[in-house]
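Examination of the molecular architecture
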Amino acid sequence: MKIIVNSIFVEDQEKALEFYTNTLKFVKKHDVPIGEHRWLTLVSPDEQDGTELLLEPNEHPAAKEFQQKIFADGIPATMFGVTDIHKEYERLLESGVKFTMEPTEMGDITMAVFDDTCGNLIQIAQQ
């Protein structure tokens, strides 16, 4: 068994698509209309056959409440791995990304947290 799709709730799929592709540099894999929404997945440019990230609308009240509460408590919705966290941190800062935690060493891992502008905190980590 393996993970093939992981979802993240977003307030606006189009806004999320722009941020995740233009700023974070993920690649759109699937964009299939489903009623008023889309099955909209992204992949890493280095692993286009790898795990997909589904940009899932947060319209369900439980999804919206969950997203708002973990954001308010400062809990990242997901984590992405990076090769050089300091370089990625600087690149994202130059793109206007707002960080809630600068790169911080925690044992063998260095991590940082930023606001994805779509209702989530995202953690990046370098091992």
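To be clear, the structure that these remarks concern was listed above.
Since the model is a prediction, treat every value here as computed from it, not as a measurement.

A closer look at the sheet that holds strand β8 (residues 121-126)
In spatial order, the strands read β5-β8-β7-β6; together these 4 strands make up an open sheet with mixed pairing. Single-partner strands in this sheet number two, and they are β5 (78-81) and β6 (99-106). If you compare each strand with its neighbour and ignore which way they point, the axes differ by 20° on average. Taken together, the 4 bridges between β5 and β8 define a ladder with parallel strand orientation. Bridging from a neighbouring strand, T78 pairs with I122 of β8.

Regarding the pairing of β8
Successive residues of a regular strand alternate their side chains across the two faces of the sheet. Among the 6 residues that make up β8, 5 are buried, leaving the element largely enclosed by the rest of the structure. Here strand β7 (residues 109-115) pairs with β8 via 6 bridges, running antiparallel. By the bridge assignment for β8, F114 is matched with I122. Taking the residues that link successive antiparallel strands as the turn, the β7-β8 hairpin has 5 residues, and the phi of T117 there is positive, at about 65°.

Looking at helix α3 (residues 85-94)
Looking at α3, one finds that the buried residues are I85, Y89 and L92. Down the axis of α3, the buried set is contained in an arc of 70°. They therefore lie on one face. With respect to the buried face of α3, the exposed residues turned more than 90 degrees away are K87 and E94. Looking at the buried residues of α3, the elements they touch are α1 (13-23), β6, β7 and β8. Positive phi shows up at G96, right after α3, with a value of about 90°.

Observations concerning the packing of aromatic side chains
This model, assessed by the stated rule, comprises 7 aromatic pairs. For the ring pair F9 and F66, a centre distance of 6.4 Å and an interplane angle of 75° mean the geometry is edge-to-face. Remark: F66 occurs in helix α2 (residues 61-72) and F9 occurs in strand β1 (residues 5-10); sequence separation between them is 57 residues. The class for F66 is partly exposed, based on a relative accessible area of 47%. Taking 6.3 Å as the distance between ring centres and 45° as the angle between the ring planes, the aromatic pair formed by F19 and F114 counts as tilted. Placement of F19 in helix α1 and of F114 in strand β7 is noted, with a sequence separation of 95 residues between them. Residues F19 and F114 agree in their burial class; the two are buried.

Points about the pattern of salt bridges
A complete count under the given rule lists 6 salt bridges for this structure. Of the charged contacts, one joins D31 and K28 as a salt bridge, the two residues approaching to 3.4 Å between their closest N and O atoms. For D31, a relative accessible area of 32% translates into the label partly exposed. The salt bridge partner of D31 is R38, with a shortest N-O separation of 2.8 Å. Each of E14, K28, D31 and R38 takes part in salt bridges that share partners, so that together they form one network.

What counts, and where the lines are drawn
- Residues numbered from 1 in each chain as written.
- Predicted model: local features only at pLDDT ≥ 70, side-chain atom pairs only at ≥ 80, totals over all residues.
- Heavy atoms only, no water.
- Pairing = 2+ DSSP bridges.
- Helix = DSSP H or I, 4+ residues; strand = E, 2+ residues; numbered from the N terminus.
- Axes fitted to C-alpha atoms, helices over the stretch in contact; angles between N-to-C directions.
- Buried < 20%, exposed > 50% of the residue type's maximum accessible area, 1.4 Å probe, protein only.
- Arc of directions from axis to C-beta.
- Contact = heavy atoms within 4.5 Å.
- Phe/Tyr/Trp six-rings, centres within 6.5 Å; stacked < 30°, edge-to-face > 60°.
- Salt bridge = Lys/Arg side-chain N within 4 Å of Asp/Glu carboxyl O.

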